[in-house]
Each structure stands twice: as structure tokens, then as C-alpha cells.
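Summary of the model geometry
Spelled out from the first residue to the last, the chains are:
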Amino acid sequence: MTKPALTLYLAAPRGFCAGVDRAIKIVEMALNKWGAPVFVRHEIVHNKFVVDSLRDKGAVFVEELTECPDDRPVIFSAHGVPKSVPQAAQAREMIYVDATCPLVSKVHIEAQRHADNGLQMIMIGHEGHPETIGTMGQLPEGEVLLVETVEDVAAVQVRDPNRLAFVTQTTLSVDDTADIVAALQTRFPSIVGPHKEDICYATTNRQEAVKAMAPKCDAMLVVGAPNSSNSKRLVEVGARAGCTYAQLVQRATDIDWRALDGIKSVGITAGASAPEVLITEVIDAFRNRYDVTVEMVETAVENVEFKVPRVLREPA
């Protein structure tokens, strides 16, 4: 029986970004340097496959620092942590390694600088997301106000409308954030923004590739985790860019083949914490069912690399 023809459009860039690459490398190097177990506060990145593979190597994932013994190294996730966490680790004389993405750290530094200049902060982000908690936790309670939508901007109560600055979570939808920024600037004309966009290069690049790919596709699959902000944004961007069926899948076993019945073209991309092996797995699943032609949709070339902390480059 001949397989139906299918064109797979493969977004580039997709998958791992430099911050995720660095965070995973930090856990692996810590295990090599200090041996197992190494404790990791929160998922190092939002991907079950990655977390499970590091757990198999000897990483122990915990929610809070209180779950870690004093005598084993602890790593803070790529999403960043409130200032109180490294302070608590120092007080307990623990070895700790901060795997916060340097682009998230940049936002933390920005927030502190604005606060030092007497400005109250507004953060555009998702409530409860580890990155939002980490960024808001850089400053004392009440100094950072969270807005998630344009409607939130209309309701936010500030101390002084002339003494404000804003920062954003790095993994938001570029288009949605632009609307919220515009609303902030309309309501608070003197609000100070970042010198350079807080939304990271990888988030922006993956969204641009999806926008270019979406009009060509009958359906789009985003390989990523349900708790991954940047992956969920790719689904939304794909749907908004004209792809009527855009779905998040953790891996090939999650594909709803009945929903794809009769389609001629599928776009595939992946969130910044999804490894290429999972994308290959999805492509192979399509090859099993279809006569596949793969076409690349490339909108940017990434060559960013972040160094791991010095403590891991020094001998034990």
C-alpha cells in the first residue's frame, strides 16, 4: 500500500537555545566534578525528557532549598531564582551554582538598577512562572507589580505614575507584549523601558520562523512541554499566523493522527528547551505513515554561546 504524500516544513531555528544548552551542561559538569547526587532546585529547564535523563545521571530535582542537604552541591534552574535563595544557600555554607540564563540575569540587573534609581517596577509576565517569581524576587515585596494583559495595565495601582519602569519575562509572545507595552506607555507616558528588548533572541527567532512557516501548513506541531512558556507561545503564534491546527506535543506518542487525517503539509518546530532527538522522533513517526518530503524554513542563524560559571571550569 502506497503511503500518502506529505510535506514537512521544519522551522529553523528551533529547539535548544544557548541558555538551555548552558544549563544542561552545568548539571552534567557538576556531576562530573562532584559526583552524584547533585541537587537541582526546580526543573533545570522545562522538558521532561531532559530532566529524566539528568535524573538518570544522578541529579536530584527538588522544589525548595530546604529539601537539600548542606554537604551536597545545589544548582539553580535556568529560569532564575529570587535573591533570598542564594542568600539562604550562603547562610548554610552550601556549594551552589547558578544556571540562570544570562539573558534572564540581564533583566534582574535592570530591575535592580531601576529600583536603585527610585523607580517602582512593572513586570510583564505570567503569574506563577519560575522566571516571573525569580525576577520579582530580586526586589522587596511590593516593588514589582505584575501585569499579564492589556486589561491589567488599566487596573494596576502604582505609587507614583511618574516614577516607573518596566521589564518583561524573556519567553513571551513578541506581538502580545508589544500591545501591553503600548498600553503602559499610553497610561504612564514617562515609564522607562529596557535599553534593548527583554524578550530573548531565541524566543523572538523561533516565533519569526513559525510566522514564516504557518501560512504554508495545514497543521503545525510544536515539540515542547506543557509548562514551557516559550513553547506554548509558539502554538499561539502559529494559530494567529494562519495555521488552523496548531498543537503542543511532548513527543511523537502524543501526536493525534486522527486529527491530521487528509492533510498535505505539516510544520514542525520546538520550544527552546526541547532537544533535537525529540524532533527527529516526530519526523520519523511521520515517515512511518507518509511519503515525506522535508523542507526547511530558515529565518535566522544562531551562533550564541554562553560560558559556564568559573567554578565548573576549575578542578575539584
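See the structure shown above.
Note that this is a predicted model, so its numbers are computed, not measured.

**A few points about unusual backbone geometry**
Glycine aside, a negative phi is what most residues show, and trans is what most peptide bonds show. Each neighbour pair has its own omega, and for A12 with P13 the value is 0 degrees, a cis peptide bond. Mapped onto the fold, P13 is located in the loop between β1 (5-12) and α1 (18-34). Across the junction of A36 and P37, the peptide omega takes the value 0 degrees, indicating a cis bond. Inspection of the secondary structure assignment puts P37 in the loop between α1 and β2 (38-41). One non-glycine residue, E93, lies in positive phi territory at about 55 degrees. One can find E93 in the loop between α3 (84-91) and β5 (96-98).

**Details of helix α4 (residues 102-116)**
Taking 1.5 Å per residue as the helical rise, α4 with its 15 residues ought to reach 21 Å, and the 21 Å between its terminal C-alpha atoms agrees with that figure. All of the buried residues in α4 are V104, V107, H108, E110, A111 and H114. All buried residues of α4 project into a common sector of 160 degrees when viewed along the axis, lining one side. Exposed and oriented more than 90 degrees from the buried face of α4 are I109 and D116. Summarising the contacts, the buried residues of α4 are in contact with β6 (120-124), α5 (130-136) and β8 (164-168). Backbone geometry just after α4 places G118 at a positive phi near 80 degrees.

**Focus on the nonpolar core**
V27, I44, L54 and I75 are the most contacted members of the largest nonpolar core, which totals 26 residues. Elements that contribute at least two residues to this core include exactly α1, β2, α2 (48-57) and β3 (59-62). Of the residues forming this core, the biggest block, seven residues, is contributed by α1. Discounting chain neighbours no more than four positions away, the residues touching I75 are I26, V27, A30, V38, F39, V40, R41, I44, V97 and A99. Of all hydrophobic cores here, the second largest spans 23 residues; its members include L10, A219, V223 and L278.

**Notes on the sheet that holds β8**
Sheet strands pair by backbone hydrogen bonding; their relative direction is either parallel or antiparallel. Reading across the sheet, the three strands line up as β7-β6-β8 and stay open at both edges, with parallel pairing between neighbours. Here the strands that pair on one side only, and so sit at the sheet edges, are β7 (144-147) and β8. Looking at each pair of strands side by side, their axes are set apart by 30 degrees on average, direction ignored. When β6 meets β7, the two strands line up parallel, connected through four bridges. From the neighbouring strand, M123 faces β7, where its bridge partner is L146. Contacting β6 and β8, α4 crosses the sheet at an angle of about 170 degrees to β8. Strands in contact with helix α7 (residues 174-187) are β6, β7 and β8; relative to β6, the strand with the most contacts, it is inclined by about 150 degrees.

**With respect to the side chain of H129**
Note that H129 resides in the loop between β6 and α5. Excluding residues within four positions of it along the chain, H129 makes contact with H46, H79, Q169, N227 and S229.

**Considering the sheet that holds strand β4 (residues 74-76)**
Pairing in this open sheet of four strands is parallel, and the strands run β3-β2-β4-β5 from one edge to the other. Sheet topology places β3 and β5 at the edges, where each strand pairs with a single neighbour. Across this sheet, the average inter-strand angle for adjacent strands is 25 degrees, counted without regard to direction. Judged from the four bridges that link them, β2 and β3 form a sheet pairing that is parallel. The residue bridging F39 from the neighbouring strand is V60, located in β3. Here α1 sits on the sheet and contacts β2, β3, β4 and β5; the angle it forms with β5, its principal contact strand, is near 160 degrees.

Reading the values: rules and limits
- Residues numbered from 1 in each chain as written.
- Predicted model: local features only at pLDDT ≥ 70, side-chain atom pairs only at ≥ 80, totals over all residues.
- Heavy atoms only, no water.
- Helix = DSSP H or I, 4+ residues; strand = E, 2+ residues; numbered from the N terminus.
- Expected span 1.5 Å × (residues − 1).
- Buried < 20%, exposed > 50% of the residue type's maximum accessible area, 1.4 Å probe, protein only.
- Arc of directions from axis to C-beta.
- Contact = heavy atoms within 4.5 Å.
- Core = buried A, V, L, I, M, F, W, Y, C linked by side-chain atoms within 4.5 Å.
- Pairing = 2+ DSSP bridges.
- Axes fitted to C-alpha atoms, helices over the stretch in contact; angles between N-to-C directions.

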